[in-house]
Amino acid sequence: MNKFEAEFSNLVRAFRKRHMGKGPSKINTTFCKNWAICEMEGNLSPVEKFIATSEDGKQTLRAARTEMVKEMYRKNTPVDMEAFLGAKLIDLFVDIDIERDFGMSIFVFDQDIEKKWKNEP
């Protein structure tokens, strides 16, 4: 992860903390073409971990942590991320493994951010 990918990780953490009350404890970002791929650990709050002790709870949390996160980004444009990259967010794919507390978000931008940021000093 280069310094630009690390800074993008910090912006993702701050956005989630601001809009969800808690950000992931660890994020590893990789730029690939027009994607920013974020691997996230430590997403769940203590209450969510308790809810995940039942099968219904796991299903509810997975739905909340995928569809609701996408909706959060639709309603709250991540202007800090877009300004940092100089690119517009056009789509977002989200998934989470509740048992492992490991999530992935793939941010799709309107430009090749890998080419733009991968080889910066």
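Rules used throughout
- Residues numbered from 1 in each chain as written.
- Predicted model: local features only at pLDDT ≥ 70, side-chain atom pairs only at ≥ 80, totals over all residues.
- Heavy atoms only, no water.
- Phe/Tyr/Trp six-rings, centres within 6.5 Å; stacked < 30°, edge-to-face > 60°.
- Helix = DSSP H or I, 4+ residues; strand = E, 2+ residues; numbered from the N terminus.
- Buried < 20%, exposed > 50% of the residue type's maximum accessible area, 1.4 Å probe, protein only.
- Lys NZ or Arg CZ within 6 Å of the ring centre and 35° of its normal.
- Expected span 1.5 Å × (residues − 1).
- Arc of directions from axis to C-beta.
- Contact = heavy atoms within 4.5 Å.
- Polar contact = N/O pair within 3.5 Å; in protein donor to acceptor, adjacent residues only side chain to side chain.
- Pairing = 2+ DSSP bridges.
- Axes fitted to C-alpha atoms, helices over the stretch in contact; angles between N-to-C directions.

### Considering the packing of aromatic side chains
Okay, so step 1: Counted by the stated rule, this structure contains six aromatic pairs.
Okay, so step 2: Between the aromatic rings of F8 and F31, the centroid separation amounts to 5.9 Å while the plane-to-plane angle is 75 degrees, which identifies the pairing as edge-to-face. Note that F8 is positioned in helix α1 (residues 3-20) and F31 in strand β1 (residues 26-32), a separation of 23 residues in sequence. Take F8 and F31: they sit in the same class, and that class is buried.
Okay, so step 3: Judged by centre distance (5.4 Å) and plane angle (85 degrees), the rings of F8 and F107 are edge-to-face. In this pair, F8 is assigned in helix α1 and F107 in strand β4 (residues 102-109), connecting sequence segments 99 residues apart.
Okay, so step 4: A connected cluster of aromatic rings, assembled from ring pairs, spans F8, F15, F31, Y73, F107 and F109.
Okay, so step 5: Just above the ring of F102 sits the side chain of R100; from NZ or CZ to the centre is 4.8 Å.

### Observations regarding α1
Okay, so step 1: Its 18 residues give α1 an end-to-end C-alpha distance of 25 Å, which sits within 8% of 26 Å, the value for a rise of 1.5 Å per residue.
Okay, so step 2: Within α1, burial applies to F4, E5, F8, S9, L11, V12, F15 and R16. Taken down its axis, α1 places every buried residue within 160 degrees of arc, on the same side. In α1, the exposed residues that point more than 90 degrees away from the buried face are K3, K17 and R18.
Okay, so step 3: Buried residues belonging to α1 abut β1, β2 (35-41), α3 (55-75), α4 (79-85), β4 and α5 (113-117).
Okay, so step 4: Where α1 begins, the capping side chain belongs to N2, and its oxygen is found 2.8 Å from the backbone nitrogen of F4.
Okay, so step 5: Of the residues one or two after α1, G21 is the one with positive phi, at around 90 degrees.

### Remarks on the environment of K115
Okay, so step 1: Structurally, K115 is set in helix α5.
Okay, so step 2: You can call K115 exposed: its relative accessible area is 67%.
Okay, so step 3: For the pair K115 and C32, spaced 83 residues apart in sequence, the C-alpha separation works out to 8.4 Å.

### Here we look at the sheet that holds β4
Okay, so step 1: The strand order β1-β2-β4-β3 describes an open sheet built from four strands, whose pairing is antiparallel. Edge positions in the sheet fall to β1 and β3 (89-97), since each has one partner strand and no second. Recorded for the sheet is a direction-independent mean angle of 15 degrees between the axes of neighbouring strands.
Okay, so step 2: Relative to β4, β2 runs antiparallel, the two sharing seven bridges. For C38, the partnering residue across the bridge sits in β4 and is S105.
Okay, so step 3: Across the face of the sheet, α3 comes into contact with β3 and β4 while running at roughly 165 degrees to β3.

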